[in-house]
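Chains, contacts and geometry: an overview
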Protein chains: 2
Amino acid sequence: MQFSINRQAFIKALGIVQRAISAKTTIPILTGLMIDVSASNIQLTGSNADISIQTLISGDNPDYELTISSTGKIVLPAHFFSEIVKKLPNRELLVEVGDNFQTTIKSGNSEFTINGLDANGYPHLPEVDSEHPIQLPAEIFREVIGQTVIAVSKQESRPILTGIHFTLDHNQLLAVSTDSHRLSQRKVELPTAAEGDYNVVIPGESLKELSRMLDSEKDAIEMHLSENQVLFTFGKTRFYSRLLEGNYPDTSRLIPNSSETKVQFAAPDLLAAVERASLLSHESRNNVIKLTINPDNQVVTITGNSPDVGKVEEDLSPAEVSGADLEISFNPDYLKDALQVFGPIDVEVAFTSALRPFTITPVENQENFIQLITPVRTF
Amino acid sequence: MQFSINRQAFIKALGIVQRAISAKTTIPILTGLMIDVSASNIQLTGSNADISIQTLISGDNPDYELTISSTGKIVLPAHFFSEIVKKLPNRELLVEVGDNFQTTIKSGNSEFTINGLDANGYPHLPEVDSEHPIQLPAEIFREVIGQTVIAVSKQESRPILTGIHFTLDHNQLLAVSTDSHRLSQRKVELPTAAEGDYNVVIPGESLKELSRMLDSEKDAIEMHLSENQVLFTFGKTRFYSRLLEGNYPDTSRLIPNSSETKVQFAAPDLLAAVERASLLSHESRNNVIKLTINPDNQVVTITGNSPDVGKVEEDLSPAEVSGADLEISFNPDYLKDALQVFGPIDVEVAFTSALRPFTITPVENQENFIQLITPVRTF
């Protein structure tokens, strides 16, 4: 196996698969990067227990300035190999595998020889090419992940809640997450109705990593399902994740159908006030702030308190307040997380009572995105 | 005590004194920020066991938009107070101290009340205003710190070596540091001859912090000495540091007067090659790279080796090689640190023998700056 390649373009491709590679793994060969050189392309693979990423370096792409002299496979220590490639002196580099998987990397006057591993010991990736993939613009999918991943549980006590629940009904994709204190639900109309049965829970951590990779992706992403794996394909990259096993709780009944008190805010204004109030709540043991809603004089007062440090009080002037008087206490961090994903739009916060969950929705398109937060009893 | 001030300008001033304030201190009041409001100015003070920083908010400076309604002093929880100021909604803020050191901070509709502390409990800063300060352009002093702080010892076993040794002979300031494996020495001609006796050791950590503060300082800095404190003044800021007690070792005899082998390199080229070689040495237990110098064919070969991972070899083409053949091994991190502070200039590396320290100097102005590294015996 021997090839030469443009160093900067190679560094980018290495960066893609390295996202899946961890130095902390119980399977030693997975600290390595698999390089599979065929007659006209190179496939790079990185993997850990949860996700695997493959990307194709295509000989057709002139950026790579790729010259393949002989084909073959090798597994190289991932972190170390990419550190070498980053530090090499010249525009191009040459990789050549010799006896006993000894691999030589040359660039200019610099010559590294490192110990590789037999690629036959590298685990096979699952076969996940469904006939009915879901197609979605990458930007929309990134938005869906960002809006739901905030409510994913960080506790391993109920593993199923560490994932996002995706279901498909005709051309409507529904994504739901909850850590049992709050819930986030997003609906997306697919451009074309997908066939097949979709009801899966994908680990939140896998989706966070995928979302980062979609940052610069302009095109569509395809989602393929098998029994216990999901495969996302975009550009020259394939992203595999395991699925979570078990039944996701029925969340549809948690969302209230009616409300007693409604307030409309510009999301950034409410967010700034909650951040100020949380400065004090973070200093107290129970981390709770209080909203006092008075529809008669159209004022909402936000208060935070810490016996050791002091207190804060702020009168907000919402765009609209209607319904019954209310005093409600809750964890400000949940509301901060919720408001951050709305961006600079107007939101409606709808309350039923001091001890019932309240909802936050965009004033426009209320149906598509809803977040729910459970209050805290303070009396 | 009551004043109103422009929020952005106040945030900058708070940032200056906060550099000295640590949440981890055994003296509780030092987690606080001292605010001393006089008729026309506000003085802010922050301190820890090693350094203290004072800065003056001058009523003459229109950026502060300062209005002082009543004078007084208060100590406020530093981190918490500046978090509040950063998050307040309006352009201005008002600070008012009430009964029992309760302090109100108002901006727009937001009103914080926090518990302050009696300023009479705040330690007094030492009096350090010498008659014969050393004056130096801030930029030069920052360069001196940057060039010598790299060789300061990080081990507390010989506390005196954790500082930089400054001595003054007529108008020549000498700064020396050594951790007993390497040494860095810089000479500076002062614009004017200073009077008085200067022979002090200033903690490296204090000087690192000072150096960061001088980043944007264009003017001169003054250095004042007392028996156990040094005071640096620049702009509206006063920076105090304790001095290290004890005698600094005599380092002048460590620097060799002659050499057997000399090599000239462009510092960035040698640095890049050393960084590559250190990728491998870092993977081996003793972290050593080897230079093989062959003046006959004008080649210097750099090699790094790790039994587990592999090896690297690179032929360098120095600008000049003269003297005897040599093979020498050393810790590459010392040479990396040394080369980094030279910047993009040509340097001369001069060797006596494989087991004697070698020196690195600029090809021009060799007298002013010298670094010394002790090799490692590998045979």
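Quick caveat, the model's predicted, so the values are computed rather than measured. (Residues numbered from 1 in each chain as written. Chains lettered and ligands numbered in written order. Predicted model: local features only at pLDDT ≥ 70, side-chain atom pairs only at ≥ 80, totals over all residues. Heavy atoms only, no water.)

1. Quick look at the packing of helix α3 (residues 138–149) of chain B against helix α4 (residues 204–213) of chain B
Residue and element names in this part refer to chain B. Rules: Axes, fitted as lines to C-alpha atoms, cover a helix only where it is in contact. Angles between the N-to-C directions of the axes lie from 0 to 180 degrees. Secondary structure counts use DSSP, requiring at least four H or I residues in a row for a helix and at least two E residues in a row for a strand, with both numbered from the N terminus. Roughly parallel covers angles under 35 degrees, roughly antiparallel covers those over 145, roughly perpendicular covers 65 to 115, and oblique covers all other angles. Two helices that cross are described as forming a left-handed crossing if the nearer one is turned anticlockwise from the farther one by less than a right angle, and a right-handed crossing if clockwise. In this description, contact between two residues means that some pair of their heavy atoms is separated by no more than 4.5 Å. All amino acids are sorted into three groups, where Ala, Val, Leu, Ile, Met, Phe, Trp, Tyr, Cys and Pro are nonpolar, Asp, Glu, Lys and Arg are charged, and the leftover types, Gly among them, are polar.
Relative orientation of the contacting elements α3 and α4 amounts to 140°, with a least axis distance of 10 Å. With respect to α4, the axis of α3 lies oblique. Two packed elements cross with a definite hand, and for α3 against α4 that hand is left-handed. Judged by residue contacts, Phe 141, Arg 142, Ile 145 and Val 149 of α3 engage Gly 204, Leu 207, Lys 208, Leu 210 and Ser 211 from α4. Residues of the contact of α3 with α4, tallied by class, amount to 5 nonpolar, 2 polar and 2 charged.

2. Considerations on the pairing of strand β11 (residues 163–169) of chain B
A regular strand carries its side chains on alternate faces of the sheet. All names here are of chain B. Condition: Relative accessibility thresholds used throughout: buried, under 20% of the residue-type maximum; exposed, over 50%; partly exposed, between the two (1.4 Å probe, protein chains only). At least two bridges found by DSSP between two strands is the condition for calling them paired.
Burial within β11 is extensive, with 6 of its 7 residues counted as buried. Inspection of the sheet shows β11 paired to strand β12 (residues 172–178) by 5 bridges, in the antiparallel sense. What sits directly across from Phe 166, in β12, is Ala 175. Connecting β11 to the antiparallel partner β12 that follows it, the hairpin turn spans 2 residues, and His 170 within it adopts a positive phi of roughly 50°.

3. Things to note about the packing of helix α1 (residues 7–18) of chain A against helix α2 (residues 78–87) of chain A
Residues and elements named next belong to chain A. In the contact formed by α1 and α2, the axes pass within 10 Å of each other and the chain directions differ by 160°. Between α1 and α2, the crossing angle belongs to the class labelled roughly antiparallel. Crossing handedness for the pair α1 and α2: left-handed. On the side of α1, the interface is formed by Arg 7, Phe 10, Ile 11, Leu 14 and Gln 18, while α2 contributes Ala 78, His 79, Phe 81, Ser 82, Val 85, Lys 86 and Lys 87. Here the residues of the contact of α1 with α2 are counted per class, giving 6 nonpolar, 3 polar and 3 charged.

4. Notes on the relation of the copies chain A and chain B
Here two copies of a chain appear, and what relates them is a rotation about an axis with a shift along it. The line we're drawing: To line up the copies, we fit them by least squares on C-alpha atoms, keeping just the residues with pLDDT of at least 70 in both.
Overlay of chain A on chain B (RMSD 0.0 Å): rotation 180°, translation along the axis 0.0 Å. The transformation just described matches what one would write down for a two-fold rotation axis. Within chain A, the C-alpha atom positioned nearest to the axis of rotation is that of Lys 24 of chain A, 16 Å from it. When the interface residues of chain A are mapped onto chain B, 100% of them again lie at the interface, so the same face is used by both copies.

5. Brief notes about the UniProt feature "domain: DNA polymerase III beta sliding clamp central" (unreviewed entry) in chain A
Operational definition: UniProt positions are given in the numbering used here, feature names are shortened, and annotations may be inferred rather than shown by experiment.
UniProt records the feature "domain: DNA polymerase III beta sliding clamp central" (unreviewed entry) at residues 135–250 of chain A, using the numbering of this structure. Span residues 135–250 of chain A is 19% helix and 41% strand, its end C-alpha atoms 26 Å apart.

6. Section: the sheet that holds strand β3 (residues 41–47) of chain A
Residue and element names in this part refer to chain A. The 8 strands are arranged β6-β2-β3-β4-β17-β16-β15-β10 in an open sheet whose pairing can be described as antiparallel. Across the chains shown, the open sheet's two edge strands, defined by having one partner strand only, are β6 (72–77) and β10 (134–137). Sheet twist, expressed as the mean angle between neighbouring strand axes with direction ignored, is 20°. Across 4 bridges, strand β2 (residues 32–37) lies against β3 in antiparallel orientation.

7. Considerations on the domain arrangement of chain A
Just so we agree on the cut-off: Each domain's extent is set by a domain assignment, obtained either automatically or from a database.
Parsing chain A into structural domains produces domain 1 (2–121), domain 2 (134–252) and domain 3 (256–373). Computed over C-alpha atoms, the centres of domain 1 of chain A and domain 3 of chain A are 51 Å apart.

8. A word on the pattern of salt bridges
It is possible for side chains bearing opposite charge to pair when their charged atoms get close. Residues and elements named next belong to chain A. The condition is simple: Salt bridge criterion: a side-chain nitrogen from Lys or Arg within 4 Å of a carboxyl oxygen from Asp or Glu.
One pass over the structure, following the stated rule, counts 32 salt bridges over all chains. Across the salt bridge formed by Glu 209 and Arg 19, the nearest N and O atoms sit 3.0 Å from each other. One end of the pair, Glu 209, is in helix α4 (residues 204–213); the other, Arg 19, is in the loop between α1 and β2, with 190 residues separating them in the sequence. Relative accessible area serves as the criterion here: at 16%, Glu 209 is assigned to the buried category.

9. Examining the packing of aromatic side chains
Put simply, the rule is: Two rings from Phe, Tyr or Trp (for Trp, the six-membered ring) form a pair when their centres sit within 6.5 Å of each other. Planes less than 30 degrees apart are called stacked, planes more than 60 degrees apart edge-to-face, and all others tilted.
This structure, assessed with the given rule, holds 16 aromatic pairs over all chains. Measuring from centroid to centroid gives 5.0 Å for Phe 342 of chain A and Phe 369 of chain A, while their planes differ by 45°, and the two rings are tilted. One end of the pair, Phe 342 of chain A, is in the loop between α6 (332–340) and β24 (346–351); the other, Phe 369 of chain A, is in strand β26 (residues 369–373), and 27 residues separate them in sequence. Here Phe 369 of chain A falls in the buried class, since its relative accessible area comes to 4%. Ring centres of Phe 351 of chain B and Phe 358 of chain B lie 5.0 Å apart, and the angle between their planes is 35°; on these two criteria the pair is classed as tilted.

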